[in-house]
Amino acid sequence: MSRIVVLNSGGFDSIVLMNYLHTIQGEDSIHSLHFLYGANNEKQQLECVNKVCEELGAVNKILRLPPI
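What counts as what
- Residues numbered from 1 in each chain as written.
- Predicted model: local features only at pLDDT ≥ 70, side-chain atom pairs only at ≥ 80, totals over all residues.
- Heavy atoms only, no water.
- Buried < 20%, exposed > 50% of the residue type's maximum accessible area, 1.4 Å probe, protein only.
- Helix = DSSP H or I, 4+ residues; strand = E, 2+ residues; numbered from the N terminus.
- Pairing = 2+ DSSP bridges.
- Salt bridge = Lys/Arg side-chain N within 4 Å of Asp/Glu carboxyl O.
- Core = buried A, V, L, I, M, F, W, Y, C linked by side-chain atoms within 4.5 Å.
- Contact = heavy atoms within 4.5 Å.
- Axes fitted to C-alpha atoms, helices over the stretch in contact; angles between N-to-C directions.

1. Looking at the pairing of strand β1 (residues 4-7)
Move 1: Side chains of β1 alternate between two faces, with Ile4 and Val6 buried and Val5 and Leu7 left unburied.
Move 2: Relative to strand β2 (residues 30-36), β1 runs parallel, the two being bridged by four bridges. Across the sheet, the residue bridging to Val5 is His31, located in β2.

As structure tokens, this is what we get:
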């Protein structure tokens, strides 16, 4: 089984991709990577990221960057 890293913004595209990968690969192989960089909607993004990772059983890694 291969591991897959998904750059997860918490947006629609990321969530659809993670669901698709979960369907074909299973939950143990998906790793979500999300960057916090001071976006105006950072709280909503993080809520979506956490929710989809919890529902799919994906490993969730969040990295904080300096504000842009």
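So, next bit.
2. A few points about the pattern of salt bridges
Move 1: One pass over the full model with this rule turns up one salt bridge.
Move 2: With its nearest N and O atoms 3.8 Å apart, the salt bridge here joins Arg64 to Glu42. Of this pair, Arg64 sits in strand β3 (residues 59-64) while Glu42 sits in helix α2 (residues 42-56), placing them 22 residues apart in sequence.
Move 3: Residue Arg64 is classed as exposed on the basis of its relative accessible area of 59%.
Move 4: On the accessibility criterion, Glu42 (17% relative accessible area) is buried.

3. Thoughts on the nonpolar core
Move 1: Listed in full, the 10 residues of the largest apolar core are Ile4, Val6, Met18, Leu21, Ile30, Val49, Val52, Cys53, Leu56 and Ala58.
Move 2: In terms of residue count, the dominant contributor to this core is α2 (four residues).
Move 3: Ignoring sequence-local partners within four residues, the contact set of Ile4 consists of Leu21, Gln25, Ser29, Ile30 and His31.

4. Comments concerning the environment of Ile30
Move 1: Structurally, Ile30 can be placed in strand β2.
Move 2: Excluding its chain neighbours within four sequence positions, the residues that come into contact with Ile30 are Ile4, Val6, Met18, Leu21, His22, Ala58 and Val59.

5. Comments concerning the environment of Ile68
Move 1: Structurally, Ile68 can be placed in the segment after β3.
Move 2: For Ile68, a relative accessible area of 88% puts it in the exposed group.
Move 3: Spatially, the C-alpha atom of Ile68 lies 16 Å from that of Gln45, the residues being 23 residues apart in sequence.

6. Quick notes on the sheet that holds β3
Move 1: Strand order in the open sheet made by the three strands is β1-β2-β3, with parallel pairing throughout. On the outer flanks of this sheet lie β1 and β3, each paired with one strand and no other. Between one strand and the next, the sheet's axes are offset by a mean angle of 25°, whatever the strand orientation.
Move 2: In this sheet, β3 lies alongside β2 in parallel orientation, the contact comprising six bridges. Within β3, the residue paired with His34 across the bridge is Ile62.
Move 3: Where helix α1 (residues 12-25) meets the sheet, its contacts fall on β1 and β2, and the angle it forms with β1 comes to roughly 165°.
Move 4: Packing against the sheet, α2 makes contact with β2 and β3, and its axis sits at approximately 170° to β2.

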